[in-house]
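Each chain, written out:
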Amino acid sequence: MWNHTRITELLGIDYPIMQGPFGGNLSSVELTAAVSNAGGLGGYGAYTMSPQEIFEVDKQIKAATNKPYNINLWVSDHDIPQGGLTDDKFAKVIKQYQPYFDELGIPLPEKPAPFQSRFENQLDVILDIRPKVFSFMFGVPSADVLEECRKKGIVTVGAATTLDEAIFLEAAGVDMIIASGFEAGGHRPSFLASAESSLTGTFVLVQLMKEKIKTPIIAAGGIANGKGVAAALALGADAAQIGTAFLATDESNALPIHREMLFSEASKNTTLSRAYTGRLGRGITSKIAKDLIGNEENILPFPLQTTLISPLRKAALDQQKWDMILFWGGQIAPILKHKKAKDLMHSLIEETTSYFNELKV
């Protein structure tokens, strides 16, 4: 049976289908629970949340499902240099972005306040609440943390964008590794080399990893239907993680206009850009992303760039200037069909089953 893999066995789930955990307030308890209750693995992106907020949302997830689920954090949660943000750097960035603030008729923001890393405190909560799965991006926690997760029965999942990162994660002792292809929407979670130099496609990366590592592999990027799940499994993955298709469902916490854009003609064109957060991420092509191609040196380090862009994004939403906003989404968006998470899960299971049944004939 296609749905019996090392990952379904390890996690105690019915199907090797995982929902991508969305950060930036795009995750929801409703979506996480819907996927887990349907036999997959729901996911919740918590990297922007305080420890108390993570604790509270975990209680809500536990009340909504008794099935396994995943909580995701970022190991490296900022790129700010040790000396902080200089006035000179901020002035250069503001100069580059001033035309967009002028176009929207809003004042330029003040220099962002210093950022304090939250990861260590967030980790304490993860070890306390004990989700079945703890996934992480942009690196790997310390050996002590991974060992503590093992003791507490928490399955650890790291994200790799290159074969070198996958080998690094396996050597660290993580339980599963995501093969994160460049087709995927959202941030590129590269950590050994620049994201721009780590753009391997999902199915190439799965095959490279299958040859070189023994850790179970989760294919992510460019998968939105049963054919994609079947292809990932056929190439050696033990599960498929689906992001954009679940982000577009009514149960996600994406704004209605965001979900609408993912089903629109605009979704045919996506861009990888640092212009909105300071880290490279894929979303539906926008005016700002296009303007800054090849001229991205004057961008604040993550997450200060997000702070800078926040009032601009709010004004663009208020004025319905959608072309000023980066709506996260992957290259697979034009084939999306389902607006309900339950319907999407049913379709994924049915199509994958049909594909493997045809192979037996």
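Above this text sits the structure in question.
What you are looking at is a predicted structure, and each value in this text was computed from that prediction instead of being measured.

Some points on helix α8 (residues 202–212)
Item 1. Where α8 is concerned, the buried positions are Thr-202, Leu-205, Val-206 and Met-209. Looking straight down α8, one finds its buried side chains confined to an arc of 105 degrees; they lie on one side.

Examining the sheet that holds strand β11 (residues 281–284)
Item 1. Overall, antiparallel pairing links the three strands, which are arranged β7-β11-β10 in an open sheet. Two strands lie at the open edges of the sheet, namely β7 (186–187) and β10 (270–273), each paired on one side alone.
Item 2. Sheet topology places β7 next to β11; two bridges connect them, and they run antiparallel. Bridging from a neighbouring strand, Gly-186 pairs with Arg-282 of β11.

A closer look at the packing of aromatic side chains
Item 1. Tallying each qualifying case throughout the model produces nine aromatic pairs.
Item 2. Taking 6.0 Å as the distance between ring centres and 65 degrees as the angle between the ring planes, the aromatic pair formed by Tyr-97 and Tyr-100 counts as edge-to-face. Residue Tyr-97 and its partner Tyr-100 are both found in helix α4 (residues 87–104); the two are separated by three residues, about one turn of the helix.
Item 3. Overall, the relative accessible area of 6% leaves Tyr-100 in the buried class.

A few points about the sheet that holds strand β9 (residues 239–242)
Item 1. The strand order across the open sheet formed by eight strands is β1-β9-β8-β6-β5-β4-β3-β2, and the pairing between neighbours is parallel. Of all the strands in the sheet, the pair left with one neighbour each is β1 (17–19) and β2 (42–45). Averaged over all pairs of adjacent strands, the angle between their axes in this sheet comes to 25 degrees, without regard to strand direction.
Item 2. For β2 and strand β3 (residues 69–74), the ladder comprises four bridges, and the chain directions are parallel. Directly across from Gly-45, in β3, lies its bridge partner Asn-72.
Item 3. Those strands touched by helix α7 (residues 163–172) are β4 (133–137), β5 (155–160) and β6 (176–180), and its axis lies near 160 degrees from that of β5.

Conventions and cut-offs
Residues numbered from 1 in each chain as written. Predicted model: local features only at pLDDT ≥ 70, side-chain atom pairs only at ≥ 80, totals over all residues. Heavy atoms only, no water. Buried < 20%, exposed > 50% of the residue type's maximum accessible area, 1.4 Å probe, protein only. Helix = DSSP H or I, 4+ residues; strand = E, 2+ residues; numbered from the N terminus. Arc of directions from axis to C-beta. Pairing = 2+ DSSP bridges. Phe/Tyr/Trp six-rings, centres within 6.5 Å; stacked < 30°, edge-to-face > 60°. Axes fitted to C-alpha atoms, helices over the stretch in contact; angles between N-to-C directions. Contact = heavy atoms within 4.5 Å.

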